[in-house]
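So the chains spell out like this:
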Amino acid sequence: MTRVCLSPHGIAQTSVRSTVQDAWRMRRAWWFTATSRTRARFARTFFGSFWLGLSNLLSIGALALVYGTVFKVQDFSTYVVYLGVGLVVWNGISAAIGSAPNLFEHNHAHVHNTNLNPIFYVLEEWAFQVQTFLQSFVLVVLALSWFQHNLLFNLLAYGWLPLLNLFLFLFWAPTIVCLLGVRYRDFYQLVPIVLQLVFLLSPILYRKDNLGAMAWTANLNPLYRVLSPVRHSLMAGEVQWSVGLLSLALNVVGLWVALRWLNRERPSLPFLI
């Protein structure tokens with residue numbers, strides 16, 4: 001039985017625990033629909049979902065040649081791996097957050113006409129973004145292994161905790177952005193601008209040392225703090241346990257806040273979209 005509680009305004013709200021239980025019961029449905037979206041995206045193409053990785057590899061190659069020359073990089077192989085891993089992780093984060101503000105708007109017909117828990121739409125989008133990221137990420141890592149041979153081993157041995165934190169972040173952060181976008185339509189315009197600025201201010205195309213006296217800005221950059229441990233674990237072959245466990249704790253808190261907020265907004269969603 002679904003557990004509900006009454007808000008101060010007398011509106012029934014589902015508990016976080018029951019929302020998680022609903023999400024688990026529907027796991028096959030939202031994972032299947034996400035997979036169907038991925039297949040439909042590349043229907044009647046020769047390379048199919050390999051285009052995800054190929055497009056990233058083309059971007060990495062072009063940017064590495066240009067910025068490697070601009071920054072007069074001495075060790076080009078290391079720079080290609082640094083830029084490549086950073087760029088593919090950034091693209092995953094950017095795509096998840098960039099699509100979040102109008103998530104419920106895209107599903108407005110289902111929200112209006114069904115009583116399905118909104119967590120379904122959030123998880124479907126999360127699964128779609130994770131599948132898209134993994135298909136691209138694995139191909140990029142395999143290609144970059146030409147420049148750093150232990151990259152795949154480091155991914156399997158040391159990348160699990162940073163990737164877990166990344167996947168948790170890709171759920172709760174876009175969910176919060178989505179709920180803000182439902183309430184405030186300005187987020188439709190604001191999010192792409194902020195993402196572009198954060199990308200330019202993040203040590204992705206350049207090293208953190210190149211920021212000089214402004215290096216402290218990277219430490220305050222939440223998206224870079226998610227990206228950096230993934231890249232570090234793959235390139236250095238180690239897990240930053242203190243950073244990883246702290247990030248895990250923050251992600252658990254973020255997850256709880258996002259689910260709690262989603263439950264609170266659930267009765268209002270049909271009237272906001």
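Residues numbered from 1 in each chain as written. Predicted model: local features only at pLDDT ≥ 70, side-chain atom pairs only at ≥ 80, totals over all residues. Heavy atoms only, no water.

Asks: Go over the nonpolar core with me, naming the residues and quoting the values.
Replies: The biggest cluster of nonpolar side chains holds 71 residues, and the ones touching the most others in it are Val89, Ile93, Phe104, Phe137 and Leu166. In this view, Phe104 contacts Val111, Pro118, Tyr121, Val122, Cys178, Leu179, Val182, Leu262, Leu269 and Ile273; residues no more than four positions away in its chain are not counted. (Core = buried A, V, L, I, M, F, W, Y, C linked by side-chain atoms within 4.5 Å. Buried < 20%, exposed > 50% of the residue type's maximum accessible area, 1.4 Å probe, protein only. Contact = heavy atoms within 4.5 Å.)

Asks: Give a detailed account of a nonpolar patch on the surface, specifying residues and quantitative values.
Replies: A surface patch of nonpolar side chains, about 450 Å² in accessible area, is lined by Leu65, Val66, Val70, Phe71 and Phe76. Counting residues per element, the nonpolar patch draws most heavily on helix α3 (residues 50-70), at three residues. Mapped onto the secondary structure, Phe76 falls in helix α4 (residues 76-98). Of the residues examined, Phe76 reaches a relative accessible area of 34% and is grouped as partly exposed. (Patch = residues over 30% accessible without salt bridge, like charges linked within 9 Å, V, L, I, M, F, W, Y side chains within 5 Å. Areas by Shrake-Rupley, 256 points an atom, 1.4 Å probe, with all protein chains shown as cover. Salt bridge = Lys/Arg side-chain N within 4 Å of Asp/Glu carboxyl O. Helix = DSSP H or I, 4+ residues; strand = E, 2+ residues; numbered from the N terminus.)

Asks: So, unusual backbone geometry: which residues are in play, and what are the values?
Replies: Phi is positive for Lys72, which is not a glycine, with a value near 50°. Secondary-structure assignment places Lys72 in the loop between α3 and α4.

Asks: If you had to explain the side chain of Ser202 to someone new, which residues and values would you point to?
Replies: Structurally, the position occupied by Ser202 is in the loop between α10 (187-201) and α11 (216-219). The buried category is assigned to Ser202, whose relative accessible area is 1%.

Asks: So what's going on with the side chain of Thr19? Residues and values would help.
Replies: Relative to the helices and strands, Thr19 resides in helix α1 (residues 16-25). Within the structure, Thr19 has its side chain in polar contact with the side chain of Asn263 (distance 2.8 Å). (Polar contact = N/O pair within 3.5 Å; in protein donor to acceptor, adjacent residues only side chain to side chain.)

Asks: An account of α1 is needed here, citing residue identities and associated values.
Replies: Residues of α1 that are buried include every one of Val16, Ser18, Thr19, Asp22 and Ala23, and no others. Down the axis, α1 shows its buried residues gathered within 160° of arc, on one side only. For α1, exposure combined with an orientation more than 90 degrees from the buried face picks out Arg17, Trp24 and Arg25. (Arc of directions from axis to C-beta.)

Asks: Can you break down the environment of His106 residue by residue, with the values?
Replies: Along the chain, the position of His106 falls in helix α5 (residues 103-106). Sequence separation between His106 and Arg231 is 125 residues; the distance between their C-alpha atoms is 33 Å.

Asks: Any details on the pattern of salt bridges? Residues and values, ideally.
Replies: The tally for this structure, following the rule as stated, stands at four salt bridges. Across the pair Glu125 and Arg37 runs a salt bridge, and its minimum N-O distance is 3.0 Å. Of this pair, Glu125 sits in helix α7 (residues 119-144) while Arg37 sits in helix α2 (residues 27-41), and the two are 88 residues apart along the sequence. Taking relative accessible area as the criterion, Glu125 reaches 11% and is therefore assigned buried. According to the relative accessible area criterion, Arg37 is partly exposed, its value standing at 33%. For Glu265, the salt bridge is made with Arg183, and the minimal N-O distance between the two is 3.0 Å. Residue Glu265 is located in helix α13 (residues 241-265), and its partner Arg183 is located in helix α9 (residues 160-183); the two are separated by 82 residues in the primary sequence. When its relative accessible area of 7% is taken as the criterion, Glu265 is described as buried.

Asks: Can you lay out the packing of α7 against helix α8 (residues 151-158) for me, pointing to particular residues and giving the numbers?
Replies: Contact pair α7 / α8: the axes reach a minimum separation of 8 Å and the direction vectors enclose 135°. Here α7 lies oblique to α8, going by the angle between them. For the pair formed by α7 and α8, the contact residues are Phe137, Val141, Leu142 and Leu144 on the first element and Leu151, Leu152 and Leu155 on the second. Residues belonging to the contact of α7 with α8 are distributed by class as follows: seven nonpolar, no polar and no charged. (Axes fitted to C-alpha atoms, helices over the stretch in contact; angles between N-to-C directions. Parallel < 35°, antiparallel > 145°, perpendicular 65-115°, else oblique. Nonpolar A, V, L, I, M, F, W, Y, C, P; charged D, E, K, R; others polar.)

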